[in-house]
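# Inside the fold
The chain contents come next:
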Amino acid sequence: MIIPYTDLSEETLTNLIEQFVLREGTEYGAEDVSLSEKVLQVKQQLKSREAVIVYSELHESVNILPAAQFSDKS
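The notes below deal with the structure included here. From a predicted model like this one, the values you see are computed outputs, not experimental measurements.

We now examine the pairing of strand β3 (residues 61-66). Sheet topology note: the strand β2 (residues 51-56)/β3 ladder contains six bridges and is antiparallel. When the bridges of β3 are listed, Ile53 appears paired with Ile64. In sequence, β2 turns back onto β3 through a hairpin of four residues, with Glu60 there showing a positive phi of about 50°.

We note that Arg49 has phi near 65°; this positive angle belongs to a residue other than glycine. Tracing the chain through its elements places Arg49 in the loop between α2 (35-47) and β2. The phi torsion at Glu60 lies on the positive side, around 50°, for a residue other than glycine. Tracing the backbone through its elements, the reader meets Glu60 in the loop between β2 and β3. Residue classification places Glu60 among the exposed residues on the basis of a relative accessible area of 65%.

Taking 1.5 Å as the rise per residue, α2 with 13 residues should run 18 Å; its terminal C-alpha atoms sit 18 Å apart, in good agreement. Three or more residues of α2 are buried, namely Lys38, Val39, Val42, Lys43 and Leu46. Down the axis of α2, the sector holding all buried residues measures 140°, keeping them to one side. At the C-terminal side of α2, Arg49 shows a positive phi close to 65°.

Rules of the game
Residues numbered from 1 in each chain as written. Predicted model: local features only at pLDDT ≥ 70, side-chain atom pairs only at ≥ 80, totals over all residues. Heavy atoms only, no water. Pairing = 2+ DSSP bridges. Helix = DSSP H or I, 4+ residues; strand = E, 2+ residues; numbered from the N terminus. Buried < 20%, exposed > 50% of the residue type's maximum accessible area, 1.4 Å probe, protein only. Expected span 1.5 Å × (residues − 1). Arc of directions from axis to C-beta.

See the structure below:
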């Protein structure tokens, strides 16, 4: 199930994105990118609908996925 990012408080959204970024270990190239910058980038992806927040009832977990790769099988 897709959870609209606007349904979350700003604090909850930021915590969710921070956990996602730290868990994923996303590669940002040769330059160092701060956690706050990574969070900002993911927020922009959510706002532009390039990414979505997905809750899996089966796994009782929340994740952020590229919108193009999401299929509602949770």
